[in-house]
Structures are given as C-alpha cells and as structure tokens.
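The residues making up each chain are set out below.
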Amino acid sequence: MRTHSRLAPWLFTGPLILLLLVVFGQSLVRVVEFSFKMVRGIDGPWIGLRNYQLVLGQPLFWESVGHNLLLLLAIP
Amino acid sequence: MVALSLLIALLLYERVRGWKAYRTVLFLPYILAIPIIAVVAKQMLQLEGPVNEVLRWLSLDALALDWIGSGDVALWTVMLLIIWRESALGVILFLSRLLALDESLVEAAKIEGANWRQRAWHVLIPQLRGVIEFFAVISAITLLTAVFAYVYMIGGGRGGPGTSTMVVELYIYNALTRQSLPASRRRCQ
C-alpha cells in the first residue's frame, strides 16, 4: 500500500508528462539544433555559431531588445 | 498597469453608483481584437485626429504631439495603448478577488475609524498579494512576447517611424518572412 500511493501520482501525470515531452521538448531540441545550421530549407549544413554572431552583431536587434525592456516599464 | 488596475478595482469595490456598468465598460477593450484597437487608435492619434483636436480645444497645444509619426513618442504611445488594454484584465482579476474576500475585516476597519486610504493599504492590498504577483508575472510575459500585434499595426509592419517601435518579435518576423537580415542574404547567395 505504501509503494502504491508513492507511485500513484506518477501514474496519473505520466501520460501528460510524456505528451509534453514529445510535443514541446522535442521541438525545443530541434529549434536549438536548427540554430546551428545554415538557413536553407529544413536541413542546411552545420555552421556552428555563425547565426548567433550574425544576429547578436546587428544594432537593430539590440534596439529591439531595448524597446522590449522599455515596454517592461508599463508593469508597475 | 498594476497600480492603475488596482486603483480602479479598489474604487469599484466601494460600490460607486453603477459600478457594474463601469465594470463592463472597463472590460470592453480586453475582448476587442488587438488589431482593431490598434487601427482605431492609429486613426484617433493622427496629427490632425480627434485626440489632438480635443487637446487643442482645451488649449493644451504643447500636448498635441505627433503621437505616432514621431520616433521619440511612438513607443510611449504603444505603451499607453497596451496599458489601457491590459489593465482591463487586472481590474477584473483584482475585483473578483476583492469580492471574494471576507467583508467582516473591512467592516471592522470601518468601525475602528479607518479611512478609505488606510482600509485599502492595510486591509485590502495585503490580501490581494497573490493576485498582484500573478498579474505582474502575466503582464511581464505579455509585454515580452505578445506586443507584436500592436507594433505591427501601428508601425505599419516595419516597426514604426524608422525603427522606433521595433521589438524582438517583429524582428524575428521580419527575419523569417522577408529575409531582411542583410548578411544572411549575402551568405545564402
């Protein structure tokens, strides 16, 4: 009885956890994988950190981030 | 946003005459679609639009700004619009929590002679703490990830005058749909 009640919550939540892992976890991993590939359809060659260098080196990107942070002022 | 909706909710909690009607009117912006709000606001806030007409009529010429066309003001206009719309959710959340509270505490404070400000600050707001935290987190998420529709409609799809209302979402959208990252296009050729 003791072990049964310890297992019960996992049995109840297990299907949902599995579903979430498949639906969200897998796509999250794929997104990170894509970020290291060249933008060419669904499967480009690996280019390492070049995409990151490209985006982070653009002043427009940092301006956008700044505007987002400025909009956070609206919370209080 | 939090302070504004908290104030409105506390005022409505005082059961001012017709508070149910006010509640409905205050929640109205939240059920309208964001693009509709943005388009209407864009019309209203034109340089010769109704808002500026009223401001000039009140002889507040200094306040009759070019709300959307000027790069310095555009982002603040968007922020005002977001505050106006998202506060509605806060009012409803706070009001529902207030109406669920135990009224005897307020009555006791009243009998002790606490005025409205003291009652609000010492009795009601501490009990609202959980809801306030929740609303603050929800607002932060909204402002970081759900402002695309506002800036897309107001900024004409390009982030406003120049790049003054560009946000990260719009940047990602532009990068995806138009390949507008100059270096990436060069690399793809």
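Our structure's up above, just so we're on the same page.
The structure presented is a predicted model; accordingly, all values stated were derived computationally and were not measured.

A. Representation of the interface of chain B and chain A. Contacts between chain B and chain A engage 28 residues on the former and 23 residues on the latter. Interface area for chain B against chain A, summed over the two sides, is near 2,300 Å², with a carbon-plus-sulfur share of 69%. On the surface where chain B and chain A come into contact, there are 0 salt bridges. Applying the counting criterion to the chain B and chain A interface returns 8 residue pairs in polar contact (both at pLDDT 80 or more). Elements represented by at least two residues in the side of chain B that touches chain A include exactly helix H1 (2–13), helix H5 (71–100), helix H8 (129–145), helix H10 (168–177) and helix H11 (182–188) of chain B. Of the residues contributing to the side of chain B that touches chain A, the split by class is 21 nonpolar, 6 polar and 1 charged.

B. Geometry of the packing of aromatic side chains. Scanning all chains against the criterion turns up 8 aromatic pairs over all chains. Taken together through their ring pairs, the aromatic side chains of A:Phe61, A:Trp62 and B:Tyr171 make up a single cluster. The positively charged end of B:Arg15 is found above the aromatic ring belonging to B:Trp19, 5.4 Å away from the centroid. The ring centre of B:Tyr30 lies 4.8 Å from the NZ or CZ of B:Arg85, which sits over that ring.

C. Quick look at the nonpolar core. Core analysis: the biggest nonpolar cluster contains 51 residues, and A:Leu71, B:Phe94, B:Leu98 and B:Leu143 have the highest contact counts within it. Counting residues per element, the ones that place at least two in this core are helix H3 (59–71) of chain A together with H1, helix H3 (34–44), H5, helix H7 (116–127), H8, helix H9 (148–154) and H10 of chain B. Here this core gets 12 residues from one element, more than from any other, and that element is H5(B). Residue contacts for B:Leu98: discarding those within four places in its chain leaves B:Ala9, B:Leu10, B:Tyr13, B:Leu124 and B:Leu128.

D. Just the layout of surface pockets, in detail. Residue and element names in this part refer to chain B. Within this model, the second largest pocket holds a volume of roughly 310 Å³. Taken together, the elements giving at least two residues each to the lining of the second largest pocket come down to H3 and H5. Of the residues forming the lining of the second largest pocket, the biggest block, 5 residues, is contributed by H3.

E. Representation of unusual backbone geometry within the structure. Residue and element names in this part refer to chain B. Its identity is not glycine, yet Arg 15 carries a phi of approximately 55 degrees, on the positive side. Of note, Arg 15 is situated in the loop between H1 and helix H2 (19–31). We classify Arg 15 as partly exposed; its relative accessible area is 39%.

Basis of the calculations
Residues numbered from 1 in each chain as written. Chains lettered and ligands numbered in written order. Predicted model: local features only at pLDDT ≥ 70, side-chain atom pairs only at ≥ 80, totals over all residues. Heavy atoms only, no water. Contact = heavy atoms within 4.5 Å. Buried area = accessible area lost by both parts, 1.4 Å probe. Salt bridge = Lys/Arg side-chain N within 4 Å of Asp/Glu carboxyl O. Polar contact = N/O pair within 3.5 Å; in protein donor to acceptor, adjacent residues only side chain to side chain. Helix = DSSP H or I, 4+ residues; strand = E, 2+ residues; numbered from the N terminus. Nonpolar A, V, L, I, M, F, W, Y, C, P; charged D, E, K, R; others polar. Phe/Tyr/Trp six-rings, centres within 6.5 Å; stacked < 30°, edge-to-face > 60°. Lys NZ or Arg CZ within 6 Å of the ring centre and 35° of its normal. Core = buried A, V, L, I, M, F, W, Y, C linked by side-chain atoms within 4.5 Å. Buried < 20%, exposed > 50% of the residue type's maximum accessible area, 1.4 Å probe, protein only. 1 Å grid on protein atoms, 1.4 Å probe; cavity = no way out; pocket = protein on both sides within 12 Å on 5 of 7 lines; lining within 4 Å. Points joined across faces, edges and corners; volume = space filled by probe spheres on them.

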